[in-house]
Amino acid sequence: MGIKSSKRNFFQRILGLPVTSEPKDSNCWSYSGGKLVLDLNKAPELKKPGGAIRLEGKDLPERILVFFGEDKKYHVFRNRCSHVGHRRLDPVPGTNTVQCCSVSKSTYDFSGNKIYGPAPHPVIKYDVTVDGDKLSAKIS
Ligand code: FES
């Protein structure tokens, strides 16, 4: 099966460097009591369809990928490919998929199901609530 890929050169894939950056404003999000809360006003990266940020640290139990899909919905994924390298994921423009940044390019649909590559399992997707400018997700 053919798939489209994120633009990564071989060395970026060997090193597992994702396309998606951490947010410019690190205060755009918080995590407490199992709940991630993100102020969309402080995360301009998520304004346009295809925009994404990765969240790490601040006692988060998992790395998190947040993106505004080309389906015009917000998505929150555990940012950990289920293949053995457990590399980070990036949305792939124009495909409604997210893809591992490694050489093997395991690829998942917006439900987290694997559609390509060696990954043995789906990736975890968290339920998202948007209330005004606040996005929240229970991370468990
Ligand atoms: S770590 Fe994702 S395909 Fe290997």
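Residues numbered from 1 in each chain as written. Predicted model: local features only at pLDDT ≥ 70, side-chain atom pairs only at ≥ 80, totals over all residues. Heavy atoms only, no water.

- The protein is annotated in an unreviewed UniProt entry as Rieske domain-containing protein from uncultured Desulfobacterium sp.

**With respect to the overall build of the protein**
Next up, step 1: Counting its regular elements, the protein contains 1 helix and 12 strands.
Next up, step 2: Going from N to C terminus, the protein has its helices and strands arranged as α-β-β-β-β-β-β-β-β-β-β-β-β.
Next up, step 3: At 14 Å, the protein has a C-alpha radius of gyration in line with the 14 Å of a compact globule built from 140 residues.
Next up, step 4: Counting only C-alpha atoms and orienting by the principal axes, one finds that the protein spans roughly 40 × 30 × 25 Å.
Next up, step 5: By the burial criterion, 41% of the 140 residues in the protein qualify as buried. (Helix = DSSP H or I, 4+ residues; strand = E, 2+ residues; numbered from the N terminus. Rg over C-alpha atoms; globule rule 2.2 N^0.38 Å. Buried < 20%, exposed > 50% of the residue type's maximum accessible area, 1.4 Å probe, protein only.)

**With respect to a nonpolar patch on the surface**
Next up, step 1: A cluster of nonpolar side chains, namely Phe 10, Phe 11, Ile 14, Leu 15, Leu 17 and Val 103, defines an oily patch on the protein surface of about 630 Å² accessible area.
Next up, step 2: With respect to the helices, strands and loops of the structure, Val 103 is situated in the loop between β7 (97-100) and β8 (107-109). (Patch = residues over 30% accessible without salt bridge, like charges linked within 9 Å, V, L, I, M, F, W, Y side chains within 5 Å. Areas by Shrake-Rupley, 256 points an atom, 1.4 Å probe, with all protein chains shown as cover. Salt bridge = Lys/Arg side-chain N within 4 Å of Asp/Glu carboxyl O.)

**Some remarks on the packing of aromatic side chains**
Next up, step 1: Applying the stated criterion across every chain yields a total of 4 aromatic pairs.
Next up, step 2: With 5.1 Å between their ring centres and 55° between their planes, Phe 67 and Phe 110 make a pair best called tilted. On the criterion of sequence distance, the pair formed by Phe 67 in strand β4 (residues 64-68) and Phe 110 in the loop between β8 and β9 (114-116) is long-range, its members being 43 residues apart. In terms of burial, Phe 67 and Phe 110 fall into one category: buried.
Next up, step 3: Ring pairing ties together the aromatic residues Phe 67, Phe 77 and Phe 110, which thus form one cluster. (Phe/Tyr/Trp six-rings, centres within 6.5 Å; stacked < 30°, edge-to-face > 60°.)

**Examining the pattern of salt bridges**
Next up, step 1: One pass over the full model with this rule turns up 5 salt bridges.
Next up, step 2: Close ionic contact of Glu 56 with Arg 88 constitutes a salt bridge, the shortest N to O distance being 2.7 Å. Placement of the pair is Glu 56 in the loop between β3 (52-55) and β4 and Arg 88 in the loop between β5 (74-78) and β6 (89-92), with a sequence separation of 32 residues.
Next up, step 3: Salt-bridge contacts for Glu 62 lead to Arg 78; the nearest nitrogen and oxygen are separated by 3.0 Å. Of this pair, Glu 62 sits in the loop between β3 and β4 while Arg 78 is found in strand β5, placing the two residues 16 residues apart along the sequence.
Next up, step 4: We classify Glu 62 as partly exposed; its relative accessible area is 22%.

**Notes on the nonpolar core**
Next up, step 1: With 18 residues, the main nonpolar core has Leu 38, Leu 55, Ile 64, Val 66 and Val 76 as its most contacted residues.
Next up, step 2: Once residues within four sequence positions are removed from consideration, Leu 55 is found in contact with Pro 23, Trp 29, Leu 36, Leu 38, Leu 60, Glu 62, Arg 63, Ile 64 and Val 66. (Core = buried A, V, L, I, M, F, W, Y, C linked by side-chain atoms within 4.5 Å. Contact = heavy atoms within 4.5 Å.)

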